[in-house]
Amino acid sequence: MNRRKKRPSGGKGYGLAWAASLLALAALVLCGWWMLPAGVDPALAVAGPAALFPVGEPQATPFPGGPDPASDPQDLQEPQGTQEGQTALSPEEELYQTVYSAVNELQQTVSVTSGDKEALREVLARILHRPEFFWLDGYNMQSMGDEHQVTFQWKYSDLETKRAQVEQAALRALEAVPAGAGEYETALTIHDWLCENIVYEFSSDGSDQDLYGALVNGRCVCAGYSAAYEYLLTRAGLQAETVRGMASSDGTTEAHAWSKVQLEGDTYYIDVTWDDNEDGYDHFWFGLTSTRMGVTHFADESQGAAMTPSSAVACNYYRRNGMTLDLFSEEKLVQLLQAQAGPQFFVCASDQDTFDQLKALFDGQSIYALLEQAGHPAGGLEYSFIDGALGLKFTLR
């Protein structure tokens, strides 16, 4: 079975904001100056912005062809305009930069001109997905021809203070990265820092879904873990995105979020949430291929980043640290066990057949004999199989 004691995701609630949205929407109708987004059923108008613009867990945003606007390690910066010798930005990118700059300056209402409403909606979705804009909780849009007024919903007040708190927490996390660390070590250090400083916990105010809940409160669900990981990796100079969709664990499939990271020139998948457990943390979900992650994690491309095909294994944690069996061999397994001090042991298999043979050792007494050979005699074992990641963890008693 998969050893998972956490739920992979969490929902959100709405209270008085719903009623306030109804009053605002009624005012717009009386003024006669509003338009629903294309494709939205007018019947949804009475349900408020939660129905018009779902604001569940924030979605992923792929980097638009280059470094992300928030990649500066010292502070959030506005996107930069086109410089001499560079290709001119597309109208959508110019629109994105305009809105990004306004939101970054804490403008709640932004007026823009665009003849392509679909492109504008895509830009607004990208803005909502940015982890650094943790206070955004959806938007309302009024349109008259090509002129649009976008009012973002904020779920926090006193944003200057909260942004400063996020910055302080981010610096503490980034300070944990050793000087001169490579991409693998950087990603691993931040992964471990998040596991050590976050408790998996729901909240009623929506902070469990965002960067503030993860870094400042230290309590969040998968959306918060992945937002914090994307944000910190980007600040550290790595390229990272959040993948969203569904994940299956212990026979239950639920909405979930995880990470796609570029390490040493290749794409890897990492699920910090599933690595952080009630009894500590491990690394079974660090550096997986798209095929292996895809056994349990199912991306919804309409929700954000796609599961780009990947096959590299050099940055898989257990392979990198010599704890992977490529072919089943009792002799090789004994060597892996000898290399670990115990009382906890970790082994990963490179394929399903090898994994099944590893599991079979626990059906009888074979594993005890192999531990004896490895110099780790045991009177009993507590063990768990992480089926999706082909992992095995056991503790001597």
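As shown above, the structure is provided for reference.
In this report, the structure presented in the accompanying data block is examined.

Cut-offs applied
- Residues numbered from 1 in each chain as written.
- Predicted model: local features only at pLDDT ≥ 70, side-chain atom pairs only at ≥ 80, totals over all residues.
- Heavy atoms only, no water.
- Helix = DSSP H or I, 4+ residues; strand = E, 2+ residues; numbered from the N terminus.
- Buried < 20%, exposed > 50% of the residue type's maximum accessible area, 1.4 Å probe, protein only.
- Areas by Shrake-Rupley, 256 points an atom, 1.4 Å probe, with all protein chains shown as cover.
- Expected span 1.5 Å × (residues − 1).
- Phe/Tyr/Trp six-rings, centres within 6.5 Å; stacked < 30°, edge-to-face > 60°.
- Lys NZ or Arg CZ within 6 Å of the ring centre and 35° of its normal.
- Pairing = 2+ DSSP bridges.
- Contact = heavy atoms within 4.5 Å.
- Axes fitted to C-alpha atoms, helices over the stretch in contact; angles between N-to-C directions.
- Salt bridge = Lys/Arg side-chain N within 4 Å of Asp/Glu carboxyl O.
- Parallel < 35°, antiparallel > 145°, perpendicular 65-115°, else oblique.
- Left-handed = near helix turned anticlockwise from the far one by under 90°.
- Nonpolar A, V, L, I, M, F, W, Y, C, P; charged D, E, K, R; others polar.

1. Points about the overall build of the protein
Thinking step 1. Helix and strand counts for the protein stand at 14 helices and 16 strands.
Thinking step 2. Looking at the protein as a whole, 52% of its 397 residues qualify as buried.
Thinking step 3. When the accessible surface of the protein is split by element, carbon and sulfur atoms take 51% of a total near 17500 Å².

2. A word on helix H5 (residues 159–175)
Thinking step 1. End to end, H5 covers 24 Å across 17 residues, agreeing with the expected 24 Å (1.5 Å per residue, within 8%).
Thinking step 2. Turning to H5, its buried residues number three or more, namely Leu 159, Lys 162, Arg 163, Val 166, Glu 167, Ala 169, Ala 170, Ala 173 and Leu 174.

3. A short note on the packing of aromatic side chains
Thinking step 1. Evaluation of the coordinates by the stated rule reveals 22 aromatic pairs.
Thinking step 2. Between Phe 362 and Phe 394, the ring centres sit 5.6 Å apart and the planes meet at 65°, which makes this aromatic pair edge-to-face. Residue Phe 362 is located in the loop between helix H13 (352–360) and helix H14 (366–373), and its partner Phe 394 is located in strand S16 (residues 391–396); the two are separated by 32 residues in the primary sequence. Neither Phe 362 nor Phe 394 differs from the other in exposure class; each is buried.
Thinking step 3. Where Tyr 383 meets Phe 385, the ring centres are 5.4 Å apart and the plane angle is 50°; that geometry is what we call tilted.
Thinking step 4. Among the aromatic residues, those joined into a ring-pair cluster are Tyr 96, Tyr 100, Phe 133, Phe 134, Trp 135, Tyr 156 and Tyr 212.
Thinking step 5. Across the ring face of Tyr 184, the terminal group of Arg 320 is positioned such that the distance to the ring centre comes to 4.1 Å.

4. Topic: the pairing of strand S15 (residues 381–386)
Thinking step 1. Bridging between S15 and S16 involves six bridges; their strand directions are antiparallel. What sits directly across from Ile 386, in S16, is Gly 391.
Thinking step 2. Following S15, the chain reverses through four residues before pairing antiparallel with S16; Leu 390 in that reversal takes a positive phi of roughly 55°.

5. Concerning the sheet that holds strand S13 (residues 324–325)
Strands in a sheet are paired, the pairing made by backbone hydrogen bonds, and the direction either parallel or antiparallel.
Thinking step 1. Pairing is mixed in the open sheet, where four strands are placed in the order S13-S14-S16-S15. Whereas interior strands pair on both sides, the edge strands pair on one side only; in this sheet they are S13 and S15.
Thinking step 2. Strands S13, strand S14 (344–349), S15 and S16 of the sheet are contacted by H13, whose axis makes an angle of about 145° with S14.

6. Describing the sheet that holds strand S7 (residues 252–263)
Thinking step 1. Within the open sheet, the five strands sit side by side as S11-S8-S7-S6-S12. Their pairing is antiparallel. The open sheet has two edge strands, strand S11 (286–288) and strand S12 (297–299), and neither has a second partner. Each strand of the sheet is rotated relative to its neighbour by a mean of 45°, with strand direction disregarded.
Thinking step 2. Pairing of strand S6 (residues 240–249) with S12, which is carried by three bridges, proceeds in the antiparallel orientation. The partner of Gly 245 across the bridge, within S12, is Ala 299.

7. Some words on the pattern of salt bridges
Thinking step 1. Scanning all chains against the criterion turns up 13 salt bridges.
Thinking step 2. A salt bridge links Asp 282 to Lys 393; its shortest N-O distance comes to 3.9 Å. Residue Asp 282 is located in the loop between strand S10 (280–281) and S11, and its partner Lys 393 is located in strand S16; the two are separated by 111 residues in the primary sequence.
Thinking step 3. The class of Lys 393 is buried, set by a relative accessible area of 6%.

8. Remarks on the packing of helix H12 (residues 330–338) against H14
Thinking step 1. Between H12 and H14, whose axes approach to 9 Å, the crossing angle comes to 60°. In this view, H12 runs oblique relative to H14, as classed from their interaxial angle. Note that H12 runs across H14; the crossing there is right-handed. Contact residues: H12 offers Glu 330, Leu 333, Val 334, Leu 337 and Gln 338, while H14 offers Leu 370, Leu 371 and Gln 373.
Thinking step 2. Broken down by class, the residue content of the contact of H12 with H14 amounts to five nonpolar, two polar and one charged.

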